[in-house]
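Here is what each chain is made of, one letter per residue.
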Amino acid sequence: MNQSGAGIRFEHVGVTYPNGYSGLREVNLEIAAGEMVAVVGLSGAGKSTLVRTINGLVPITSGEITVGDVGLHGLRGAPLRHLRSEVGMVFQSFNLAKRTTVLNNVLMGRLHGTSAWRTLLAAWKKDDIELAMQALERVEIVQKAYANASELSGGQQQRVAIARALAQRPKVILADEPTASLDPPTSHVVMRDLQRINAELGITVVVNLHFLDLARRYGQRLIGLRAGEIVYDGQGTDADESVFEAIYGRSLTAEDVLPSQPVELS
Amino acid sequence: MTVAGAVGDVRPTKPRTWWKAVVVLAVIAGITVWSSIAIGVDVAAIAENAHNAANTLIQLMQPDYSFFPQTVPALLQTVQMAIIATAVSVVIALPVSFWASRATNPNSAALGIVRFIMNVVRSVPDLLYASLFVTVVGTGALSGIFALVLFNLGILVKLVSEALDGLDRGGQEAALASGASWFKANRQAMLPEVAPVYISQAIYVLELNIRASTVIGLVGAGGLGMLIDQVRTFYQYHYLSLVILEILVIVVLLELLSSFARRRLIK
Amino acid sequence: MTAVTTRQTGTERPSSTGPAASRAPQRPSKPLHLGTKLIWVVVTIVVIAAFWSIDISWDALLTLPQKLVHYLGLMFLPPAWSKLPDALGATMLSVAMAWFGTLLGIIISFPLSLLATRGLTPAVVRWPLRGVFAVLRAVPEVVIAVLMLSVTGLTAFTGALAIAIGSIGTLGKWGYESFESVDRGPIEAATAAGASRLQVMRWGVWTSAKPDVYAFWLYRFEISVRASAILGLIGAGGIGKMLVDNIQFRVWDVVGMLMIVVVVVTMIIDQLSGMVRHRIIEGRWELPIVTALRRRSVKRARSESVDLKITADD
């Protein structure tokens, strides 16, 4: 399964909401194909907005975003769906269909390429089922393929979500605070999975994170947002005190990192 | 030793709301008087006919079981109508419910239209549909089936679309983000979520239909009701009570079966 | 390139396979779900059997669409508005039937439902009473009306009585159910303070159950209004009778007008009773349509901010 990622380019991108609030301001960003980027910032700084503009969930009001060679401005209908089929997304609340099996959830990643009739009758192509199984194997949860999604733990559900994104054979994977609902050990597992996928398959990964140490450890590149603008764009290792001040408006505190003691798993 | 607060505390005056109750009671009494005049309450008639009524009741308590074989075709038809109507309406109501729910239909205009039409369809009683279809299509079970299907559509679509409105849409959001169309996202993510409710409502509709099928025959739409219609004109209360007994048995059996089925579903 | 290494993450158990060299977990096989499949097979067979065995000619189905269009045209292009005053009068009669019947039903069922409450009377009184409620609930109102022919003839009064008798069953059941689900606290307090059984009922049970009881009385009135239209269809008077007369004589434009009246009146009553129920439960007068619109605008504002992840909990 040799895939390659797509580059993402933001040019003078701005997002203004109907109520006048400015979500993103004059964002210029160039992400190379195959890069793994971590986006950090305070709540409300625009991290989520940034990530969601890439697959059009949040429409941009000025500027242009190019994913691969497709521009997002004014994209709608079939071309938008085509773009979205090449961009996988992992959500904070997993977003699995609870009352059906893990395999059916992963197969949702193949919906774009499945005809309406096949979808209606749930008659998936054999190739798609094989792909889904392989995706589950890659995140090491294939034994649960026929289990109900609601029976899984949070960490397992998120891995299924990653498998679903993988099943799309995407060029880009977006992750919107994927570890926010998980405990520290599981957060590391999920981030490691994303890192491995990025390294082995060459898919561009953009992750939105709350905890700084996760961002520095798993992202090659760190982007700091504050009030909708990029205030830092460089290597995670190069980020020092002044950078934190710029992003968070204060010095680093204990709340910005994962607790280092292993949490009792009840 | 007195049980009181500091002497000199200002006691609040009791709120004078008794007049509200008087107004309400007066309104209720007024409406009642008006309605009893309008419908022609005739207590004397009851007194006069009390003897008749007692007679009837006694006859009703003695069903004529020998009549049973003659009731079997009508009985069967009642059950057949109910099953067919349920099956047809369950199939039609599925896509319509999805069109009628904000959670699965992003098009506000279409949504509004479908909901309005369904509200109208729901406002018509089953027997009225039955009367209309009997005149248009003719007497018999076919009109009954049409009538029941329409009647069910209104109910099913309302119940299921309300259930859809309250569902967790996470899976749908993910499917849409992966490039699926609304139809595909709904089919794959929302349908499994609403399936238990749908099945439970289908059983409820089956119950309703069996009840309704027993009486739509009174206007000619087939089933036990037609038997009642034939029999009542001859005041054959022994036969009538047998038919009513059959209806009772069916309804009670149904209630037992459905609570059993519903309990197995909930787990 | 599938993952070959397995990792202990504490949340999964790698399955044991043959050769030690390959440690990849095996893919599970698709579960059979025989029980569910059997149920579906049985249901399908029953449905097909019903279609097969029913004794009707399905060819009427072919002419149905054009017939429907034809009759809809006769009914609504245009409806006979000239007869509207008659229709409204008939509607008033139906509403009067429903009102009287429901009121009578309430008066009769109220003491009976108290008697059927667990904790207020012994079982030997309760169970027969509940049985009577169940039987009355099971018999459709039209059948009750038909039975009452010999008593009062088929008039609006019969209709009202039929509604009354029919409603005793449901009102009785809802009555004792809400009395039983009342918070036990006030009852204990009243009994401990030495209240008599009647006083406990009045102050302990009734005050807590009051809003629910008023609500289902109203709901039952709504149902009765529909029932009165239906009873009219078998001749008991009111709008149902006007409908069935015009249907029999095929005066379709009047039928069309009457259908519109029925639909509009049903919708108005739904809204009105929703408003009164809202008042009882939440203490404010508000038409349900206003509540729905208000909730929708709040939800829209909230969902806009959720989509953009700018909520207070972020």
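Keep in mind it's a predicted model, so treat the numbers as computed, not measured.

**Q** Hey, could you run me through helix α8 (residues 182-216) of chain B in this one?
**A** For an α-helix, the turn length of 3.6 residues means that residues three or four places apart are oriented alike. Helix length check: α8 of chain B, at 35 residues, gives a terminal C-alpha distance of 40 Å against a target of 51 Å (1.5 Å per residue), a shortfall beyond 12%. The largest bend in α8 of chain B is about 50°, located at Leu191 of chain B, with the proline Pro192 of chain B one to four residues further on.

**Q** Help me understand unusual backbone geometry in this model?
**A** Trans peptide bonds make up most of the peptide bonds, and negative phi angles are found at most residues other than glycine. Following Leu77 of chain C, the chain continues into Pro78 of chain C via a peptide bond in cis, with omega recorded as -15°. Of note, Arg169 of chain A is a non-glycine position whose phi angle comes to about 50°, a positive value. Looking at the secondary structure, you find Arg169 of chain A in the loop between α6 (154-167) and β7 (172-176).

**Q** Is there a simple way to think about the interface of chain C and chain B in this case?
**A** Interfaces are often sized by the accessible area lost when the parts come together. Each side of the interface is counted separately: chain C has 58 residues, and chain B has 59 residues. Joining chain C to chain B, the criterion identifies zero salt bridges. Summed over the shared surface of chain C and chain B, the result is five residue pairs in polar contact (both at pLDDT 80 or more). Counting residues per element, the side of chain C that touches chain B draws most heavily on helix α11 (residues 252-282) of chain C, which supplies eight residues.

**Q** Can you help me understand the interface of chain B and chain A in this one?
**A** Each partner contributes residues to the interface: chain B has 22 residues there, and chain A has 28 residues. Taking both sides of the interface into account, the surface hidden between chain B and chain A amounts to around 2000 Å²; carbon and sulfur atoms contribute 57%. One can count two salt bridges joining chain B with chain A. For Lys98 of chain A, the salt bridge identified is with Asp168 of chain B, shortest N-O distance 2.7 Å.

**Q** Sorry, what's going on with the pattern of salt bridges here?
**A** Between side chains of opposite charge, a pair can form when the charged atoms approach closely. Residues and elements named next belong to chain C. Within the structure shown, the criterion is met by 19 salt bridges over all chains. Between Glu180 and Arg130 there is a salt bridge, and its shortest N-O distance comes to 2.5 Å. Taken as a pair, Glu180 in helix α7 (residues 156-180) and Arg130 in helix α4 (residues 123-138) lie far apart in primary sequence, 50 residues in all. One exposure class covers both Glu180 and Arg130, and it is buried. With a shortest N-O distance of 3.6 Å, Asp270 and Arg226 are connected by a salt bridge.

**Q** Looking at this structure, how should I read the sheet that holds strand β5 (residues 70-71) of chain A?
**A** Hydrogen bonds between backbone groups are what pair the strands of a sheet, and the pairing can be parallel or antiparallel. Residues and elements named next belong to chain A. The four strands are arranged β2-β1-β4-β5 in an open sheet whose pairing can be described as antiparallel. The sheet is open, and its two borders are formed by β2 (22-31) and β5, each paired with just one other strand. Judged from the five bridges that link them, strand β1 (residues 8-16) and strand β4 (residues 62-67) form a sheet pairing that is antiparallel. When the sheet's bridge partners are listed, Glu11 is paired in β4 with Glu64. Here helix α1 (residues 47-54) sits on the sheet and contacts β1, β2 and β4; the angle it forms with β1, its principal contact strand, is near 120°.

**Q** Quick question: what am I supposed to make of the environment of Asn186 of chain B here?
**A** Residue and element names in this part refer to chain B. Position of Asn186 among the secondary structure elements: in helix α8. When the C-alpha atoms of Asn186 and Ile155 are compared, they prove to be 21 Å apart, with 31 residues separating the residues in sequence. Not counting residues within four places of it along the chain, the set of residues in contact with Asn186 comprises Phe98, Ala103, Thr104, Gln172 and Leu191.

Thresholds applied
Residues numbered from 1 in each chain as written. Chains lettered and ligands numbered in written order. Predicted model: local features only at pLDDT ≥ 70, side-chain atom pairs only at ≥ 80, totals over all residues. Heavy atoms only, no water. Helix = DSSP H or I, 4+ residues; strand = E, 2+ residues; numbered from the N terminus. Expected span 1.5 Å × (residues − 1). Bend = angle between axes of the 7 residues up to and from the residue. Contact = heavy atoms within 4.5 Å. Salt bridge = Lys/Arg side-chain N within 4 Å of Asp/Glu carboxyl O. Polar contact = N/O pair within 3.5 Å; in protein donor to acceptor, adjacent residues only side chain to side chain. Buried area = accessible area lost by both parts, 1.4 Å probe. Buried < 20%, exposed > 50% of the residue type's maximum accessible area, 1.4 Å probe, protein only. Pairing = 2+ DSSP bridges. Axes fitted to C-alpha atoms, helices over the stretch in contact; angles between N-to-C directions.

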